[in-house]
Amino acid sequence: MTLYEQLVVELTNRSFSLQAAYRNGSTPYELSDREPEPYDQQIDDFARMIEEVDCVLVGGASGLSAAGGGDFYYEDNATYRRHFGKFAERYGFKGAFEGSFYRWPTAEARWGYLATFLDTTLNAPLREPYKDLDAILAKKDFFVLTTNQDTQFMKIYPWEKVAEIQGDHRFFQCSRCCTDDVWDATEPVSRMIEAMGDGLEVPTELVPRCPHCGEEAFPWVRGYGNFLQGKLYEEQYRKVSDWLDAHAQQRILFLELGVGRMTPAFIQEPFWALTAQLPQAATSP
Ligand SMILES: [Zn+2]
């Protein structure tokens, strides 16, 4: 097991006992009673840190996309209505995730929704916060670790610079995990969207199926209970662990962006643990 995955596993197991605090919107950690610096001061500190460090490990999570208009996952808002309006009217969903967890009566109906979901993220433009981040990192040695599945980072950076540890909407896996293969989802999604038109369901022959066993396919993402943790998954952890190995003695800035309290063991807690362990590491203000 690679270094970063081991850290995540340890922190996940440990935080079972700490989850109650997170679930209440609180934290299991004792917080300092020091007042936060004024916002302008925090920006200045951050700019100085970016100048001074040798390299940056970015931990990018959902807030980064939400701040740039990817805010349709949990809310019934204008963005949600624009992309999912016909489903909101028919089923009363309030946000994209509600439909993802719905018990669909048929595969054709399920894929009408899932194809819409995947099409929405795959065809979203690069969002502003990612452009800003790219400008900030322009002259730095950096690596990105992300829990986002919406492929925003993949729209600007090459495969070797990003670890997507919760999956990626561009791939399908077997829903039964009969094989370690994942395969392209983008073509089948386009075909489903085109065939569906204004309707709510896809034709039976377009329901994506595993080429090995014929069972239904599923997007290669965590969150539905059957996330394939095979070769591609291990590769994500290998990328970030190799980067950390190569930079461990340098001045690393651990930069948390848009990380919430839902899954603290993937970015936030490992970043804190690594900052404490590595000789010249710092976290962003
Ligand atoms: Zn299969």
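Quick caveat, the model's predicted, so the values are computed rather than measured. (Residues numbered from 1 in each chain as written. Predicted model: local features only at pLDDT ≥ 70, side-chain atom pairs only at ≥ 80, totals over all residues. Heavy atoms only, no water.)

Draft legend 1. Up close: the overall build of the protein. The helix and strand tally for the protein stands at 11 helices and eight strands. At 20 Å, the protein has a C-alpha radius of gyration in line with the 19 Å of a compact globule built from 285 residues. With the principal axes as the frame, the protein shows a C-alpha extent of 55 × 40 × 40 Å. Counted over contacts in the protein with a minimum sequence separation of 6, partners at least 24 positions apart contribute 67%. Seen as two clouds, the 27 positive and the 43 negative side-chain charges of the protein have centres 3 Å apart. (Helix = DSSP H or I, 4+ residues; strand = E, 2+ residues; numbered from the N terminus. Rg over C-alpha atoms; globule rule 2.2 N^0.38 Å. Contact = heavy atoms within 4.5 Å. Lys, Arg positive; Asp, Glu negative; His and termini not counted. Charge placed at Lys NZ, Arg CZ, Asp CG, Glu CD.)

Draft legend 2. Expanded view of the coordination of the zinc ion. Bound to the zinc ion on the protein side are Cys174 (SG), Cys178 (SG), Cys210 (SG) and Cys213 (SG), at distances that span 2.2 to 2.4 Å. Metal-centred angles of 106 to 115 degrees between the four donor atoms at the zinc ion mark the site as tetrahedral. Mapping the donors of the zinc ion onto the primary sequence yields the spacing C-x3-C-x31-C-x2-C. One end of the pair, Cys178, is in the loop between strand E4 (167-174) and strand E5 (183-184); the other, Cys213, is in the loop between helix H9 (186-196) and strand E6 (217-221), with 35 residues separating them in the sequence. Among the residues examined, Cys178 registers a relative accessible area of 35% and is labelled partly exposed. Overall, Cys213 belongs to the partly exposed group, its relative accessible area being 32%. (Donors = N, O, S within 2.8 Å, 3.2 Å for Na, K, Ca; no water. Tetrahedral: all angles 85-135°; square planar, octahedral: opposite > 155°, others 65-115°. Buried < 20%, exposed > 50% of the residue type's maximum accessible area, 1.4 Å probe, protein only.)

Draft legend 3. Examining the pattern of salt bridges more closely. Inspection of the entire model under this criterion finds 10 salt bridges. For Lys131, the salt bridge identified is with Glu128, shortest N-O distance 3.3 Å. Of the two residues, Lys131 and Glu128 both sit in helix H8 (residues 128-136), three residues apart, roughly one turn of that helix. The exposure class assigned to Lys131 is partly exposed, which follows from its relative accessible area of 39%. A single network of salt bridges, built from pairs that share partners, joins Asp45, Arg48 and Glu52. (Salt bridge = Lys/Arg side-chain N within 4 Å of Asp/Glu carboxyl O.)

Draft legend 4. Local environment of the side chain of Asp168. With respect to the helices and strands, Asp168 occurs in strand E4. A relative accessible area of 0% places Asp168 in the buried class. At a separation of 2.7 Å, a polar atom in the side chain of Asp168 contacts the side chain of Arg170. Excluding its chain neighbours within four sequence positions, the residues that come into contact with Asp168 are Gln149, Thr151, Met154, Trp220 and Val221. (Polar contact = N/O pair within 3.5 Å; in protein donor to acceptor, adjacent residues only side chain to side chain.)

Draft legend 5. Layout of the sheet that holds E6. The three strands are arranged E5-E4-E6 in an open sheet whose pairing can be described as antiparallel. The sheet is open, and its two borders are formed by E5 and E6, each paired with just one other strand. Note that E4 and E5 share two bridges and pair antiparallel. Each residue of the ladder has a partner; that of Phe172, found in E5, is Trp183. Sheet strands in contact with H9 are E4 and E5, and its direction is about 90 degrees off that of E4. (Pairing = 2+ DSSP bridges. Axes fitted to C-alpha atoms, helices over the stretch in contact; angles between N-to-C directions.)

Draft legend 6. Looking closely at unusual backbone geometry. One non-glycine residue, Thr151, adopts positive backbone phi at about 65 degrees. Relative to the elements of secondary structure, Thr151 occurs in the loop between strand E2 (141-146) and strand E3 (162-164). For Thr151, a relative accessible area of 5% gives the class buried.

Draft legend 7. Fine view of the pairing of E4. Taking burial as the measure, the eight residues of E4 include seven buried ones, the bulk of the element. Note that E4 and E6 share four bridges and pair antiparallel. Among the inter-strand pairings, Phe172 is bridged to a residue of E6, identified as Pro219.

Draft legend 8. Just the sheet that holds E3, in detail. Judged by pairing direction, the sheet is parallel, and its five strands sit side by side in the order E3-E2-E1-E7-E8 without closing on themselves. Every other strand in the sheet has two partners, leaving E3 and strand E8 (282-283) as the edge strands with one partner each. Both strand E1 (residues 55-60) and strand E7 (residues 252-257) contribute to a ladder of six bridges, which runs parallel. Residue pairing for E7: Gly60 is matched across the bridge by Leu257. Running over the sheet, helix H3 (residues 39-52) touches E1, E7 and E8 and is turned about 140 degrees from E7. Where helix H11 (residues 268-277) meets the sheet, it contacts E1, E2, E7 and E8, and its direction lies at approximately 160 degrees from that of E7.

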